[in-house]
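Chains, contacts and geometry: an overview
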Amino acid sequence: MGNNGVNFLLFLHDNGNVGIGTCYPQAKLAVNGGILAKSVKVNTSASYWPDFVFAPEYKLMNLYELENFVNTNKHLPNVPSAKEVEKQGNVDLGEMNALLLQKVEELTRYVIDLQKQIDELKNGKE
C-alpha cells in the first residue's frame, strides 16, 4: 500500500526504477511477489563459466580435506552459508548457477578419479 492506503500495482519512480507491488523500487525492476516466466536469462561472460575446473592445473581439495571443511563449516567451500545468504538478503542467480556448476564439475572429477582407483584395485595395481 502507498502512503494514502492505495495499492500500487505498477509504479514508475523518477529515477527510472519500476516497481510492481511496491512504490519504493530499489532496482531497475522490483517485484513484491512471485514471478512466473517461461524463460529467464542471466547475461554472464564466458570467462565467468567454470570450465577451468577441467584444466590440468586446477587442484581439487582431497576428499579428507573436503570432509573436514564440511564437518567444520556445514557448507561447501566457496559456497555461501545459509547465514551469509540471510545476512546479504539475496542471491545473484547467475553467480550461484555458475558456482553450482563448478561444484558439479568438481564432483565429476572426484568420481572419475575414484573410478580409476577402483579399476586399479580390481586389476591388482597400486
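For the structure itself, consult the block above.
A brief report on the enclosed structure follows. (Residues numbered from 1 in each chain as written. Predicted model: local features only at pLDDT ≥ 70, side-chain atom pairs only at ≥ 80, totals over all residues. Heavy atoms only, no water.)

Quick look at the overall build of the chain
Under the convention used in this document: Secondary structure follows DSSP: runs of H or I at least 4 residues long count as helices, runs of E at least 2 residues long count as strands, and numbering of each begins at the N terminus. When we talk radius of gyration, it's over C-alpha atoms, and the globule rule is simply 2.2 Å times the number of residues to the 0.38. Between buried and exposed lies partly exposed: a residue is buried under 20% and exposed over 50% of the maximum accessible area for its type, with that area taken using a 1.4 Å probe on protein chains only. We call two residues in contact whenever any of their non-hydrogen atoms come within 4.5 Å of each other. Only the protein chains shown count as cover for residues, and all accessible areas are computed by the Shrake-Rupley method using a 1.4 Å probe.
A count of helical and extended segments in the chain gives three helices and three strands. Overall, the chain shows an N-to-C arrangement of helices and strands of β-β-β-α-α-α. In terms of overall size, the chain is more extended than a compact globule, its C-alpha atoms giving a radius of gyration of 22 Å where 126 residues would be expected to give roughly 14 Å. Across its three principal directions, the C-alpha atoms of the chain cover 80 × 30 × 25 Å. For the chain, buried positions account for 21% of its 126 residues. Excluding contacts between residues fewer than 6 apart, the proportion of contacts in the chain whose partners are at least 24 apart in sequence is 40%. Accessible area of the chain: about 10400 Å², with a carbon and sulfur share of 57%.

Notes on helix H3 (residues 93-122)
Stated formally: To estimate the expected span of a helix, subtract one from its residue number and multiply by 1.5 Å. Whenever a nitrogen or oxygen atom comes within 3.5 Å of another N or O atom, the pair is scored as a polar contact, on the condition that within protein one atom can donate a hydrogen and the other can accept it, and that pairs from neighbouring residues in sequence are kept only if both atoms are in side chains.
Between its first and last C-alpha, H3 extends 43 Å over 30 residues, near the 44 Å set by a 1.5 Å rise per residue. For H3, the set of buried residues is Gly94, Met96, Ala98, Leu99, Gln102, Lys103, Glu105, Glu106, Arg109 and Tyr110. At its buried positions, H3 is contacted by helix H1 (63-73). Of the residues that open H3, the one with a side-chain oxygen 2.9 Å from the backbone nitrogen of Gly94 is Asp92.

Structural notes on the packing of aromatic side chains
Inclusion rule: The criterion for an aromatic pair is that two Phe, Tyr or Trp rings (for Trp, the six-membered ring) have centres within 6.5 Å, with stacked assigned to planes under 30 degrees apart, edge-to-face to planes over 60 apart and tilted to the rest.
Tallying each qualifying case throughout the model produces one aromatic pair. Considering the side-chain rings of Phe52 and Tyr58, the 5.6 Å spacing of their centres and the 55° angle between planes classify their relative orientation as tilted.

Topic: the sheet that holds strand S1 (residues 11-12)
Short version of the rule: Any two strands with at least two DSSP-identified bridges between them are counted as paired.
Pairing in this open sheet of three strands is mixed, and the strands run S1-S2-S3 from one edge to the other. Only two strands of the sheet have a single partner each, and these edge strands are S1 and strand S3 (29-31). Relative to S3, strand S2 (residues 18-20) runs parallel, the two being bridged by three bridges. Note on S3: the bridge partner recorded for Ile20 is Val31.

A closer look at a nonpolar patch on the surface
This is how it is decided: A residue counts toward a patch only above 30% relative accessible area and without a salt bridge, and it is joined to like-charged neighbours within 9 Å or, for Val, Leu, Ile, Met, Phe, Trp and Tyr, to nonpolar neighbours within 5 Å. A side-chain nitrogen of Lys or Arg and a carboxyl oxygen of Asp or Glu constitute a salt bridge if their distance falls within 4 Å.
Side chains of Leu9, Leu10, Ile20, Leu29, Val31 and Ile35 sit close together on the surface and give an oily, nonpolar patch of about 630 Å² of accessible area. Following the sequence through the fold, Leu10 ends up in the segment before S1. Accessibility expressed as a relative area gives 62% for Leu10, which makes it exposed.

What about the environment of Lys59?
For Lys59, the location among the structural elements is in the loop between S3 and H1. A sequence separation of 11 residues divides Lys59 from Val70, and the C-alpha atoms of the two residues are 18 Å apart.

Concerning the pattern of salt bridges
Tallied over the entire structure, the rule returns one salt bridge. Measuring nitrogen to oxygen at the nearest pair gives 3.2 Å for the salt bridge that ties Lys103 to Glu106. Here the residue Lys103 and the residue Glu106 both occupy positions in helix H3, the gap between them amounting to three residues, near one helical turn. The burial state of Lys103 is the same as that of Glu106; both residues are buried.

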